[in-house]
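Fold and contact review
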Amino acid sequence: SLAKEAYGANEVVYACLRLLRESVPEPPLVPYAEKGDGKLKPLDKAHPLMALIRHPNELMTEYEFWELATLHLAIVGRSTWWKQRGNGGQILALWPLRPDRVGPVYQDVAITEQGQQVLRGWSYQVPGSGHYVELPRSDVLAFNFPDPSGESGGIIEGQGPLAVLARQIAADNEATKFVGALLANYAAPTTVLKLKKA
């Protein structure tokens, strides 16, 4: 609902997030490998990680990939990527998953203290169905803006800026609708109350 009612229906939110989503992918991402002495060395352009970043999947460019990841983080506070693997286990592609279709699956352990649950994997709802598939933890990359009120205390769950602003955005949308309805009626009130003089 945040994607529709905030990002898709509020011009101020859309303008701000458009600027953000177009700015983040602009600088080129340069991956580094840590050497034995602790120093960082840029990876060669032919490195498999570089190729994966340049072409994350068959439908997206690197720019589009970071653009969508930025939007997911800004709207719901979490960006989750599925690693598509080949028969040998090598990563062939990275696919951003719609955040509201992905949820954590915790280990079945009797730990009730907040922040102590252990993540087993992720549950993904197949589009157009109520069917869920479990994705192993090793096949998912997840980034989040921490939500300290979440089950893990903010380690796994995300809190997006738009979720915090939801009430203000809803009020702004209603005010915009009211002004639109008023202008559609030639700025004339729909009801007039006339009182007789006593």
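Before reading on, note that the structure itself is shown above.
Residues numbered from 1 in each chain as written. Predicted model: local features only at pLDDT ≥ 70, side-chain atom pairs only at ≥ 80, totals over all residues. Heavy atoms only, no water.

1. What about the overall build of the chain?
Stated precisely, the cut-off is as follows: Secondary structure elements are defined from DSSP: runs of H or I of at least 4 residues count as helices, runs of E of at least 2 residues count as strands, and each element is numbered from the N terminus. Between buried and exposed lies partly exposed: a residue is buried under 20% and exposed over 50% of the maximum accessible area for its type, with that area taken using a 1.4 Å probe on protein chains only. The accessible surface values rely on the Shrake-Rupley method and a 1.4 Å probe; as for residues, cover is taken only from the protein chains in view.
Counting secondary structure elements, the chain contains 6 helices and 8 strands. When the elements of the chain are put in sequence order from the N terminus, they spell out α-α-β-β-α-α-β-β-β-β-β-β-α-α. Counting only residues that meet the buried cut, the chain has 32% of its 198 residues in that class. About 13500 Å² of surface is accessible on the chain, with carbon and sulfur atoms providing 60% of the total.

2. Overview of the side chain of Arg78
Counted only if it meets this: Two residue types count as positive, namely Lys and Arg, and two as negative, namely Asp and Glu; His and chain ends fall outside the count. For salt bridges, the criterion is a side-chain nitrogen of Lys or Arg within 4 Å of an Asp or Glu carboxyl oxygen. The definition of a polar contact used here is a pair of N or O atoms within 3.5 Å, where within protein one atom must be able to donate a hydrogen and the other to accept one, and adjacent residues in sequence count solely through side-chain atom pairs. Residues are treated as being in contact if the distance between any of their heavy atoms lies within 4.5 Å.
As for its placement among the helices and strands, Arg78 is situated in strand 3 (residues 78-85). Although buried, Arg78 forms no salt bridge, and the nearest oppositely charged side chain, Glu157, lies 6.9 Å from it. Polar side-chain contacts of Arg78 include one of 3.3 Å to the side chain of Thr80. Of note is the side chain of Arg78, whose polar atom sits 3.2 Å from the backbone oxygen of Pro99. The residues contacting Arg78, other than those within four sequence positions of it, are His72, Leu73, Pro99, Val102, Gly103, Trp122, Phe143, Asn144 and Ile156.

3. Quick look at the packing of aromatic side chains
Basically, it comes down to this: In this scheme Phe, Tyr and Trp rings, the latter by its six-membered ring, pair at centre separations within 6.5 Å, and the angle between planes marks the pair as stacked below 30 degrees, edge-to-face above 60, and tilted otherwise.
As enumerated under the stated definition, the model contains 4 aromatic pairs in all. An angle of 65° between the planes, with centres 4.6 Å apart, marks the rings of Phe65 and Trp81 as edge-to-face. Linking Phe65 in helix 4 (residues 62-76) with Trp81 in strand 3, this pair joins segments that are 16 residues apart in sequence. Accessibility classification places Phe65 together with Trp81 in one group, the buried group. When the centroid spacing of 5.4 Å and the interplanar angle of 65° are considered together, the rings of Trp66 and Trp81 count as edge-to-face. Taken together, the positions of Trp66 in helix 4 and Trp81 in strand 3 put the pair 15 residues apart, joining distant regions of the chain. Note on Trp81: relative accessible area 6%, which makes it buried. What links up through ring pairs into an aromatic cluster is the set Phe65, Trp66, Trp81 and Phe143.

4. Focus: the nonpolar core
Applied cut-off: In plain words, nonpolar cores are sets of buried Ala, Val, Leu, Ile, Met, Phe, Trp, Tyr and Cys residues tied together by side-chain atoms within 4.5 Å.
With 9 residues, the main nonpolar core is built from Leu97, Val102, Tyr106, Leu119, Trp122, Tyr124, Leu135, Val140 and Ile156. Residue contributions to this core peak at 3 residues, all from strand 6 (residues 119-125). The residues touching Ile156, leaving out its near neighbours within four places in the chain, are Arg78, Pro104, Tyr106, Leu119, Trp122 and Asn144.

5. Examining the packing of helix 2 (residues 11-23) against helix 4
The condition is simple: The axes used here are C-alpha line fits, helices contributing only the stretch in contact, and every angle between their N-to-C directions lies in the interval 0 to 180 degrees. By the definition adopted for this analysis, an angle is roughly parallel if under 35 degrees, roughly antiparallel if over 145, roughly perpendicular if from 65 to 115, and oblique otherwise. Handedness of a helix crossing follows the sense of rotation of the near helix relative to the far helix, less than a right angle counterclockwise being left-handed and clockwise being right-handed.
Taken N-terminus to C-terminus, the directions of helix 2 and helix 4 make an angle of 135°; their axes are 8 Å apart at the nearest point. In terms of orientation, helix 2 lies oblique with respect to helix 4. As for how helix 2 packs across helix 4, the hand of that crossing is right-handed. Facing Leu17, Leu20, Arg21 and Glu22 of helix 2, the residues of helix 4 in contact are Tyr63, Glu67, Thr70, Leu71, Ala74 and Ile75.

6. A word on the sheet that holds strand 7 (residues 132-136)
The line we're drawing: At least two bridges found by DSSP between two strands are what make those strands a pair.
Overall, antiparallel pairing links the 3 strands, which are arranged 5-6-7 in an open sheet. With partners counted over all chains shown, the strands left at the sheet margins are strand 5 (102-106) and strand 7, one partner each. Within the sheet, the average angular offset between the axes of one strand and its neighbour, ignoring direction, is 35°.

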